[in-house]
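The chain contents come next:
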Amino acid sequence: MIKCLMKPSHLRSEHDCLNLIAYMKNVKFFAQRDVKDQDFQSIIDCLQHESFQPGEAIMQYGDYGDKFYIILKGSVKCLI
């Protein structure tokens, strides 16, 4: 699943998209909401893979929130 996420959305195969949609349906945030099946394609079209090094700041307090992160591997700490 991670490999298909690492591809730009326009290079993902139909199989990649189906795998991503199945994964996204199980992400707690989406599972707890009434997201329609047809909306998942739009959601996965917006997905981009990002990678961070241990200890690297992902955002700072006061930053404008323009992203939604799903952690595939590893963990994060929120410090205020």
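For the structure itself, consult the block above.
What you see is a predicted model; the values in this text were computed from it and never measured. (Residues numbered from 1 in each chain as written. Predicted model: local features only at pLDDT ≥ 70, side-chain atom pairs only at ≥ 80, totals over all residues. Heavy atoms only, no water.)

Chemist: Talk me through the layout of surface pockets; I want residue IDs and the actual numbers.
Modeler: Approximately 1600 Å³ is the volume attributed to the largest pocket. Put simply, the parts of the chain that give the lining of the largest pocket at least two residues each are α1 (2–6), α2 (14–25) and α4 (40–45). It is α2 that contributes the most residues to the lining of the largest pocket, three residues altogether. Split into classes, the residues belonging to the lining of the largest pocket amount to 25 nonpolar, nine polar and five charged. (1 Å grid on protein atoms, 1.4 Å probe; cavity = no way out; pocket = protein on both sides within 12 Å on 5 of 7 lines; lining within 4 Å. Points joined across faces, edges and corners; volume = space filled by probe spheres on them. Helix = DSSP H or I, 4+ residues; strand = E, 2+ residues; numbered from the N terminus. Nonpolar A, V, L, I, M, F, W, Y, C, P; charged D, E, K, R; others polar.)

Chemist: Break down the nonpolar core for me, with residues and values.
Modeler: Residues Cys4, Leu5, Cys17, Leu20, Ile21, Met24, Val27, Phe30, Phe40, Ile44 and Leu47 constitute the largest nonpolar core, which totals 11 residues. At the level of elements, α1, α2 and α4 are the ones that each hand at least two residues to this core. No other element matches the four residues that α2 contributes to this core. With near-sequence residues (within four places) excluded, Ile21 lies in contact with Phe40, Gln41 and Ile44. (Core = buried A, V, L, I, M, F, W, Y, C linked by side-chain atoms within 4.5 Å. Buried < 20%, exposed > 50% of the residue type's maximum accessible area, 1.4 Å probe, protein only. Contact = heavy atoms within 4.5 Å.)

Chemist: Got a sec to walk through the pattern of salt bridges? Specific residues and values, please.
Modeler: Overall, the coordinates contain four salt bridges when judged by the stated rule. Asp16 serves as the salt-bridge partner of Lys7, at 2.7 Å between the closest nitrogen and oxygen. Judged by its relative accessible area of 32%, Lys7 falls in the partly exposed class. Its relative accessible area of 9% is what places Asp16 among the buried residues. The salt bridge partner of Lys25 is Asp37, with a shortest N-O separation of 3.0 Å. Taken as a pair, Lys25 in helix α2 and Asp37 in the loop between α3 (28–31) and α4 lie far apart in primary sequence, 12 residues in all. (Salt bridge = Lys/Arg side-chain N within 4 Å of Asp/Glu carboxyl O.)

Chemist: Quick one: what's the story with the environment of Asp16, residue by residue and with numbers?
Modeler: By the element assignment, Asp16 lies in helix α2. Not counting residues up to four positions away in its chain, the partners in contact with Asp16 are Cys4, Lys7 and Leu11.

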